[in-house]
Amino acid sequence: MSATPLRLAVINSSVREGRFGPTVARWFVEQATQRPDLEVDLIDLNEHALPHELSHAPSETVSAELARVSPRLAAAEAFVVVTPEYNHSYPASLKNLIDWHRTEWQAKPLGFVSYGGLAGGLRSVEHLRPVFAELHAVTVRDCVSFHNVWGQFDEAGALVEPTAAGTASKTLLDQLVWWGVSLREAREKRPYTA
């Protein structure tokens, strides 16, 4: 096992007014930062206004915005996407971030923390798996899911009952570290080309 911490980017994907994503993302970042084998970078899509019109020759304004987020994705060796479920799928803000990038995702592991109502955001996760497969990312099997999320956190943003979610986050992070270190070693031996 490598002694160098794995660089994990946690992506808070919701930009909706009144969003609950920051609460979930902060909780997950707290779980991840307790581990000495991870170095965590929280990327909040509400802070990155990427246009919906994709371009191979972006304007100076768009290039400046990409310069704020693209290097962070490129530097990451693993990702966790924190996603709600909107209309049985994931937010447009996340699809926009995904589509503006390609090589940043390749040959890296990716996990999910989902939240929502009765389904806990799991339909958004299932829609995201083939999207990331197309980009040559490796999605890990286990995820963290918060069903009826609004009643699970107190006013300070702490989980009312943290045991099950804590266990799920440990499983997810253990899988990400295994894949992340394995893929890091593989990329060092043989650069990945798609």
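Definitions and cut-offs
- Residues numbered from 1 in each chain as written.
- Predicted model: local features only at pLDDT ≥ 70, side-chain atom pairs only at ≥ 80, totals over all residues.
- Heavy atoms only, no water.
- Helix = DSSP H or I, 4+ residues; strand = E, 2+ residues; numbered from the N terminus.
- Rg over C-alpha atoms; globule rule 2.2 N^0.38 Å.
- Buried < 20%, exposed > 50% of the residue type's maximum accessible area, 1.4 Å probe, protein only.
- Contact = heavy atoms within 4.5 Å.
- Phe/Tyr/Trp six-rings, centres within 6.5 Å; stacked < 30°, edge-to-face > 60°.

A. Representation of the overall build of the protein. Counting its regular elements, the protein contains five helices and six strands. When the helices and strands of the protein are read in sequence order from the N terminus, they spell out β-α-β-α-β-α-β-α-β-β-α. Relative to a compact globule of 194 residues, whose C-alpha radius of gyration would be 16 Å, the protein shows 16 Å and is just as compact. If one aligns the C-alpha atoms of the protein with their principal axes, the spans along those axes are about 45 × 40 × 25 Å. With 194 residues in all, the protein has 47% of them scored as buried. The contacts in the protein between residues at least 6 apart in sequence include a share of 82% that link residues at least 24 apart.

B. Looking closely at the packing of aromatic side chains. Following the criterion strictly, the structure yields eight aromatic pairs and no others. Considering the side-chain rings of Trp27 and Phe28, the 6.4 Å spacing of their centres and the 50 degrees angle between planes classify their relative orientation as tilted. Each member of the pair, Trp27 together with Phe28, is buried. Aromatic pair Trp27 and Phe146: ring centres 5.4 Å apart, planes at 90 degrees, arrangement edge-to-face.

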